[in-house]
Amino acid sequence: MRRRVIVVEDEELVAQDIRAILEDAGYEVPAIFHSAEDLLEGIENLQPDSIIMDIMLAGEMDGIEAARIITEKMDVPIIYLTAYSSNDILKRAGETEPYAYLLKPFHERDLRVNLEMAIHKHEAKRNRLKLIRERTLNEYLKRSIAEKEALLRELHHRVKNNLQLIISLLSLQIRYAEDPAMEHFFRDYVNQLRSIAVIHERAYPSGGSYIIDFGDYLRSISSQLLESYGASSSVLVDIRAEGIRLNMDTAVPLALIISELISNSLKHAFEGEGRIKISIEKMNGSYLLVYTDDGMGLPEGITFPDGGSFGFRMIENLSIQLGGKVRLEKPERGVRFTFEFTEQVYSDRMS
């Protein structure tokens, strides 16, 4: 694409000579103006790469005044080409920061060299300013991310502390519970809180948000649940969720779903030894959770979700929050829950 140069010269022959020189050198001259007033009226539509302008022009405004107005509105290099070199004119011209100042009569080579240098200097200046802006923006973004991560770390720390306080209070209450039903209620509640607390322990910053290695999380929370129900030596939990990393908005409700499923299996499915399998597979734009146990299965008359306990209804509500619905299957032995869900994005939930 050829460079566009505007010529501002009130002597027609000189203007045409400059045009011929520039076009021979490969430039485009989209317009010649004979006065500063005409230049100011037509320049915005032309978007030139440079302006070659005489200082003394026909009309009430000279080239220096026109250059001052142009540089306030546009970023375009200006070259003065004039027969005047008095100290007063040079001082006024210098205040507009021209890229070159050539005296008439000029040599063709000088005109071409100074124009080329002016365009290159202007491009270098713009690139430097762009680089400075990018560096400034990058530093600002780095500071903003660091501040955000510091706030998030503080938030996670406080959440973990508060959850641990609640867990400790409830655990203390369990020791004094005389009603087995109340003891089971408090124990289930503590296990759900622990499943959330472990998420905050294992969350790590990535891309401006906090991410959970969900396979690692499942191994941790399943061990805690096995220990809580005294089933560490009798029930094996097989987890297949390698490479599954979820944000906090997705991990918390999914953790509560899986924690409830494991708790139900440990409380009701096994009379002795047993096996639980949990797999999460990443699909095109979604994830598939498959949960199975080889226990006794659901008793007759118990359906999911409305025919079971509060836990079943909680699972159903949380699955809807994750954009899907848990399905129950009844194989020959045990139960099988499948759940296809999508990772939640905060802005999407707000819309």
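Structural notes, computed from the coordinates. Just so it is clear, the model here is predicted, and its values are computed rather than measured.

Reading the values: rules and limits
The residue numbers shown here count from 1 along each chain, following its written sequence. Residue-level local features of this predicted model are given only where pLDDT is at least 70; pairs of side-chain atoms are given and counted only at 80 or more, and the full residue set underlies all totals for whole chains, interfaces and linings. To obtain the side-chain values, all non-hydrogen atoms of the structure were included, while hydrogens and water were left out. Working convention: axes come from line fits to C-alpha atoms, limited for helices to the stretch in contact. Angles between N-to-C directions cover 0 to 180 degrees. Starting at the N terminus, helices and strands are each numbered in turn, a helix being any DSSP run of H or I of at least four residues and a strand any DSSP run of E of at least two. Orientation is classified from the angle alone, with under 35 degrees giving roughly parallel, over 145 giving roughly antiparallel, 65 to 115 giving roughly perpendicular, and any other angle giving oblique. Two helices crossing with the near one rotated counterclockwise from the far one by less than a right angle form a left-handed crossing, whereas a clockwise rotation gives a right-handed crossing. It only takes one pair of heavy atoms within 4.5 Å for two residues to be counted as in contact. Here the nonpolar group is Ala, Val, Leu, Ile, Met, Phe, Trp, Tyr, Cys and Pro; Asp, Glu, Lys and Arg are the charged ones; every other residue, Gly included, is treated as polar. Think of a nonpolar core as a cluster: buried Ala, Val, Leu, Ile, Met, Phe, Trp, Tyr and Cys residues, connected wherever their side-chain atoms sit within 4.5 Å. Note on classification: 1.4 Å probe, protein chains only; a residue is buried when its accessible area is under 20% of the maximum for its type, exposed when over 50%, partly exposed between these limits. A pair of strands is labelled paired if DSSP reports no fewer than 2 bridges between them. The working definition used for a salt bridge is a side-chain nitrogen of Lys or Arg within 4 Å of a carboxyl oxygen of Asp or Glu.

Here we come to the packing of helix H3 (residues 63-73) against helix H4 (residues 87-95). Relative to each other, H3 and H4 sit at 10°, their axes nearing to 9 Å. Overall, the two elements H3 and H4 adopt an arrangement that is roughly parallel. Seen along the crossing, H3 lies across H4 with a hand that is left-handed. Taking contact as the criterion, the partners of Ile64, Glu65 and Arg68 in H3 are, on H4, Ile89, Arg92, Ala93 and Glu95. Split by residue class, the contact of H3 with H4 holds 3 nonpolar, no polar and 4 charged.

What follows is about the nonpolar core. Judged by nonpolar contacts, the single largest core of 57 residues is most densely connected at Phe214, Leu218, Leu254 and Ile280. When near neighbours in sequence (up to four residues on either side) are disregarded, Leu254 contacts Phe214, Leu246, Ile280, Leu289, Leu322, Phe339 and Phe341. Listed in part, the 23 residues of the second largest apolar core include Ile51, Ile55, Ile64 and Ala93.

Our focus in this paragraph is the sheet that holds strand S11 (residues 287-293). Pairing in this open sheet of 5 strands is mixed, and the strands run S8-S10-S11-S13-S12 from one edge to the other. At either margin of the open sheet sits one strand with a lone partner, and together these are strand S8 (235-240) and strand S12 (327-329). Each strand axis lies, on average, 15° off the axis of its neighbour in the sheet, ignoring direction. Relative to strand S13 (residues 335-341), S12 is paired through 3 bridges, and the arrangement is antiparallel. If you follow Leu328 over to S13, its bridge partner there is Phe337.

Enumeration over the complete set of coordinates arrives at 15 salt bridges. Close ionic contact of Glu28 with Arg4 constitutes a salt bridge, the shortest N to O distance being 3.1 Å. Here the residue Glu28 occupies a position in the loop between helix H1 (12-24) and strand S2 (32-33), and Arg4 occupies one in the segment before strand S1 (5-8), the gap between them amounting to 24 residues. In this structure, Arg245 and Asp213 form a salt bridge, with 3.8 Å as the shortest nitrogen-oxygen distance. Residue Arg245 is located in strand S9 (residues 245-247), and its partner Asp213 is located in strand S7 (residues 209-213); the two are separated by 32 residues in the primary sequence. The partly exposed category is assigned to Asp213, whose relative accessible area is 24%.

If you trace the backbone, Asp17 turns up in helix H1. Residues Asp17 and Glu108 lie 91 residues apart in sequence; the distance between their C-alpha atoms is 9.6 Å.

With that out of the way, let us pick up the sheet that holds strand S3 (residues 50-53). Across the sheet, which stays open at both edges, the 5 strands sit in the order S2-S1-S3-S4-S5 with parallel pairing between neighbours. Both outer strands of the open sheet, S2 and strand S5 (100-103), are each paired with one neighbouring strand and no more. As paired strands, S1 and S3 are joined by 4 bridges and run parallel to one another. For Ile6, the partnering residue across the bridge sits in S3 and is Ile51. Here H1 sits on the sheet and contacts S1, S2, S3 and strand S4 (78-82); the angle it forms with S1, its principal contact strand, is near 160°.

We now examine the pairing of S13. Of all 7 residues in S13, 5 are buried; the element is thus mostly enclosed. Across 7 bridges, the pairing between S11 and S13 is antiparallel. Counted as the bridge partner of Tyr291 is Phe337 from S13. Where S12 folds back onto S13 in an antiparallel hairpin, the turn is made up of 5 residues, including Gly334, whose phi is positive at roughly 80°.

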